[in-house]
Amino acid sequence: MELFREVFNPWGQQVLIGISWVLLYAAIVAGAAFIIGHAVYAGFIAPKETPPSDAEVKKAAPDAPAHITRHTLTTRLSHWVLAAAVLTLLVTGVVPILGIKFPWVTLHWIAGLVLATYTVFHTVHVLARRNLGSMWIGAGDVKEMALRIKAMAAPTGVDIPKSGKWGTENKAFHHMTAAAGLAVVATGLLMMLRVNTIFATANPYILPDSTWGILFVFHGLGAVVFVGAIMVHIYFALHPEKRWITWSMIRGWISPRDYVWHFDPVKWPVSSKSAPVSGSPRREAAASANRDQ
Amino acid sequence: MAIVHDVMPAYELFQPTDVESAITLLREHGDGARILGGGMDTWDWLKDRNKRITALVDLGGIPGLQDIKVTADGIEIGAMVPLSVVARNADVVNSYTVLARAAGRVASPQIRNQGTIGGNVNQDVRCWYYRSGWPCYRAGGNICYANTPQSLNREHAILDANRCVAVSPSDTAPALVALDAKMIVQTRRGVREINAADYFLGPATDIRRTTVLKHGEVLTSIRIPKTWSGAQFYFEKVADRKSWDFPLVNVASAIRMEGGSIADARIVVGAVAARPMRLRKVEDAIRGKAADEATAAVAGELAVRGAVPLRLNGYKVPLMRNLVKRAIRGQEA
Amino acid sequence: MAESNLIGQDIVSRDLVAKITGRAKYAEDYRAEGMLFTKLLLSPLPHARVVSIDLSAALAHPGVIAILTADEVPQDEFPFEPCLTNEPRYEGEPILAVAAVDEMTAADAIELIRIEFEPLPFAIDPLDSLRPGGPNATLMGNAYLGREVGEVKWEQSVFDAAGPDGMPMGPTEDEWEFGEGGVEAGFAKADVIVEEVIYSHSATHHPLESRTAMSYWQNGKLYIHCSVQSVAQSRRAIADRLGMPFEDVVFVSEFCGGGFGSKIRGSVTEIIPSLLSKKAGGRPVMMRVTRNEETAFGRARPGMQGWVKMGFRRDGRMTAMDLYLVQDTGSYARQGDTSTAADCASLIYTPETMRFRTVTVLTNTPPRAAQRGPGGAQGVPMLEPVVDRAARQLGMDRLEIRRVNGPTAATRFGRGNTQLTSCYAPEALSRGAEMFNWSERSARSGQRNGSKVTGVGLAFSTYYGGTSGWDGLLVIRPDGKLYIHQGVGNLGTHAVMDTARAAADVLGSDWEDCEVVWGSSSLHLPHSSTSSGSQTTHAHTRANHAVGMAMYGLLQELASLELGGSPSSYAVGNGRVYRIGSPGSGLTFAQAAQRAITRGGKFSGAVLPDDINEMTRNSATALAGQGLIAAAKDTYPHTARTYSFVATFAEVEVDVETGMHRVVEVTTVADCGTVVHPRSLAAQANAGVIQGMGFARSHKWSIDPTWGVHLTKRLEAAKPPTILDGPTQYHFAAVDLPDPQNPVGAKGIGEPPVGAGSGALLCAIEDALGGLYGSHTPMSPDKVLSIYENEGRVASGRLAIHV
């Protein structure tokens, strides 16, 4: 199986022009396999969890407000803008390769610019708040993850440890898409120089073919990662057991029940007073720091 | 990029006697199969070894494809009718003059005898980089060699370009679009009728094809409705040579006058984009107007709005503008 | 001596029936037992070094017989081209050749070859190469310094001073100046001074027949069938390239589908099948050259980028011309086109002072060669529109300014103060003006009818018109026929037939009793000139006249010996040598041939004149004993330079909405001495004009500057003119006055119509555009439209090369 696409340039030299589209199909297959696997597991193997009773909720989180803020409006808006951009990019970038032809290029680069803007905004935002720690996957996260996988593989009735505000899977997903996103954005911005846009006239000769080839490979790899990741992401967003997360991304809050059910109040403490600011990473970091003392 | 050119490589030649068999053969041989009309485009590709095939399906032996039939609502021209026959046919000459003129200006007399109308509309784009076998977008790569700060692109597109800046070189395609022709396409499942204006694809939609024709489908004939029969027609081709040349720009138009004003019009320009460009905005703007110099001037300006010239093809803007003006005047000047 | 009855008459050329019925065998039509075909692997890069070649898969391919690489062929020192190379200097240069049972097998085998190139720096535009730090076309340098190649780079300030569309003019390698006080003094005397950037493009010759060749070896002799302009000289050239005596080359080229200078002595590539055949044990090898390949190694006209400044007195007299030309000589030999352009300019305008500067730059583009009117065909169309501009500024008629400056028989011209053998240029201009009705038509200049504007132009062109000192060879056989052996080529000019008639005329022979022997060295041909540079008609009317006279003398002497009386009491005519006053007496040619065989000695070819060339001697010796044989060298005086002159007048209709134009009428008048063959002459002149006009408006080549790769590899894209592009009305006349240094009065005519045609067309277009000067060729519709719409600007810039 060829992993890369290569052509002969006008001088008869073999040059790399990107990844093989076989990898795209492989990502689709992998994503689908994961979804099927998970669906089977969740539907037939995993023990059915029962939600905590009102009393348990009251007991576990006595101070919790009725609406525990999980995502601020800004976060939610940026998520959905990001979602729209990424979906547009995937549809415009992938669907024509799969054989359904439509004018995709302009939409693709516009969506790409949105993604690029978001990436810059997000990066600046995160760096400005010096809040990289909250998304750090630490030793504890890895241990927690391992335990959970172990529990899933062989349900023993042992309590599966719960996570703080950002679960390890969330963090891993974020990092994977962030890496892929940076790859496609950085390469995509350069690739815009190859075609006529409102910003510049085409000049594919500003970089040598060999460099372009590598850029195309990274763009393709990023896209392929996105394809698999977004398939899985959408699957979870629609999955009945995870739908509360989707709702939280729409409404911004979760119920105390979901809070108690899915989170470790120690790792993610909330109170009626902290509710309005719980979406603020800095406060959360501060809270986390307090807890550690 | 083939390292050696000008020698036809080996392939299987099939000469089916009906369209169904042709379709079956095309499907059986998959992407390695290619349709042979008059061969004027195909043989260059094959001889240059820049496109490789395993099977060539010659439509020359299929009865009916070389007929011109006058029907109740117009005329039907078989896809394999030679261009010289189209140019001479009395019905075409009398009622659909613009097509006869366009067919009569294709290439050279010898090529018109061999080339078919189906081949003329289905021919691949003209771009010397692409046709040299360079691995451009249209060839499956990810670069356009014709649109760089150094490119030689005098012949290339000023409109509707999208990564690829090649142009449709057909002389008959603009005429057929102007006549509201229907392209009759036979597929495995039956017969499709496609408006000529929708038949041709630009690179934004599909950078590797010039028409909606999919592999395994065959253009069998072209129906021209009576709609424009006997209208005021205009065709002009500007080229470097008077014979054996592709257009730098061509224009085909059909205008129906009523009471001194333009009742309806079709104005189509070729060789400015990868497909014949029907100028709907111009048509709308001139409807109801007198076919005078003022209308022509407005139409000319409107026609080139949005044109994006490349390094060496800026002249196509005034050229297209002037040809559209002439089409409305109905004469050279 | 009989009165001339053949010179000046139309004849049906002996090869006509074969040509129009398709019986004529061109190089590609030959077949030989066991013949193989070869395909070439051409360099895809404009400049590279072959790093490695793996032939194993190709050699294992069934049907492959032999592969020839650069290591197995002669590699002469630069600038001589090898037939195969491991350091290709232009895209399309042959690297290796595969011989196989058929072309498909050979091509398939080439695709199996693994070859690796190391790209080297390359130059496409001479001006780029002359920039500081600009690329060099060869590892030795970028320009010719005399015969050597060295590096010429100009200061950045030279380029800065020129500006974006101006001609940078750095120090040149070659320079001359003439006239009292030099051009500075000349310009000081001028009332009007014009200066312009000038430009002429490169383009492949594109004869209809490509340079196909087929070779085989038998008993140590090389048999080669190919397409060349000249037979005797090509045989010698092939032998030299292979390092063997020419006696061992059996050379066949009976018909040649044109050469235009690209096949003067054949081509270096012709030795490829010869060497492959040797490697394949003597099996015949056919190399069919395709249009792609013809574009790559089929030669091209050198392009020029330059500048000219001309000064005129109020009466129109040119007081000074300062001409500066950079020549793009391609990847190998140095061409003399810029120098010839200057020589032609100095003759057609006879400026009082002139300076010429030139530098010849190597580029990684196909090698250049003389192309019909080399130098003149570029110079005339570059300069004539500038002269028109001066005429407009002087308020002077454009015919008049050419009359004022044009040469006459008394003219001494150029840096060598050269003398002419004859010059009827004023007569040619007057006759042309009269036929064309110049005064009335030029009044129509600028008339507008709708979008169509009338333009009228004329151009005056010249070219060297002939060499001398070649040999003739005649045989009168016992069948009574006169056999005229011709070593010149048969490239469609009829010269091979027409010049033979000089001998027939001397002997008063009926043309039906003459046989022209040509096209194969096995038929024993004399040492003849190349068929090039408009020299053949002049050279071989002289040589055939000389050998006709020699034969005349032999017949008189033979008759005197056989029948008594003094030789001078005999005359020759109508197939006999007879006693003067008694035409029925004496010997028939058949009898004379028999007697000559019997007598031997100088009559039978056993004893030959001392001054003839070795090739003629060998041929005559091979023929010895077959009849009465005369061989002679042309020793007629040739004390001045022979030039022909052509004036072409054109009326065009330029459509300023499309940039298209139509040539309404063309009139051409030539001074080429005595007319030898009126119909053929008119065809030559008109076709030269068409070729020139085609060059001026569509015939071109395009090379991508980033990759250095050709984009116009087909005739469809190279756009030489088709017959439908020609004018609807042609008129031609010749002054028909004899050149005193040619025994029949003839001068050559092949070259000058090209420059006249292209010059007249460009002047007429410029006239229609109200004097807007585009200075870039070919003047295709896009440029005409751009010039009209943008006040003279062309999108590429005036000096952009290979676009």
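See the structure printed just above.
Quick caveat, the model's predicted, so the values are computed rather than measured.

(A) Layout of the overall build of chain A. Within chain A, the regular secondary structure consists of 10 helices and four strands. Counting from the amino terminus, chain A carries its helices and strands in the arrangement β-β-α-α-β-α-α-α-α-α-α-β-α-α. By residue count, 37% of the 293 residues in chain A fall in the buried class. Of all intrachain contacts in chain A linking residues separated by at least 6 positions in sequence, the fraction that spans at least 24 positions is 70%. Surface exposure of chain A reaches about 16400 Å², of which carbon and sulfur atoms provide 71%.

(B) Structural context of the nonpolar core. Residues and elements named next belong to chain C. Counting 73 residues, the largest nonpolar core has Ile198, Met310, Met321, Leu323 and Leu383 as its most contacted members. It is helix H11 (residues 376-394) that provides the largest number of residues to this core, a total of eight residues. With 57 residues, the next largest nonpolar core counts Phe246, Ile272, Leu623 and Ile629 among its residues.

(C) Up close: the interface of chain C and chain B. Taken together, the contacts link 54 residues of chain C with 49 residues of chain B. Linking chain C with chain B are 21 residue pairs in polar contact (both at pLDDT 80 or more), by the criterion used here. Among the secondary structure elements, those contributing two or more residues to the side of chain C that touches chain B are strand S1 (36-42), helix H3 (103-112), strand S31 (661-671), strand S32 (703-704), helix H21 (715-718) and helix H23 (781-789) of chain C. Counting residues per element, the side of chain C that touches chain B draws most heavily on H3(C), which supplies six residues. Here the residues of the side of chain C that touches chain B sort into 22 nonpolar, 16 polar and 16 charged.

(D) Inspection of the interface of chain B and chain A at higher detail. At the junction of the two partners, chain B supplies 22 residues and chain A supplies 20 residues. Overall, the association of chain B and chain A removes approximately 1800 Å² of surface from exposure, summing both partners, and the carbon and sulfur fraction of that is 58%. Scanning the region where chain B abuts chain A turns up zero salt bridges. Our enumeration of links across chain B and chain A arrives at three residue pairs in polar contact (both at pLDDT 80 or more). Tallied by class, residues from the side of chain B that touches chain A come to 11 nonpolar, eight polar and three charged.

Here is what the cut-offs are and how they apply
- Residues numbered from 1 in each chain as written.
- Chains lettered and ligands numbered in written order.
- Predicted model: local features only at pLDDT ≥ 70, side-chain atom pairs only at ≥ 80, totals over all residues.
- Heavy atoms only, no water.
- Helix = DSSP H or I, 4+ residues; strand = E, 2+ residues; numbered from the N terminus.
- Buried < 20%, exposed > 50% of the residue type's maximum accessible area, 1.4 Å probe, protein only.
- Contact = heavy atoms within 4.5 Å.
- Areas by Shrake-Rupley, 256 points an atom, 1.4 Å probe, with all protein chains shown as cover.
- Core = buried A, V, L, I, M, F, W, Y, C linked by side-chain atoms within 4.5 Å.
- Polar contact = N/O pair within 3.5 Å; in protein donor to acceptor, adjacent residues only side chain to side chain.
- Nonpolar A, V, L, I, M, F, W, Y, C, P; charged D, E, K, R; others polar.
- Buried area = accessible area lost by both parts, 1.4 Å probe.
- Salt bridge = Lys/Arg side-chain N within 4 Å of Asp/Glu carboxyl O.

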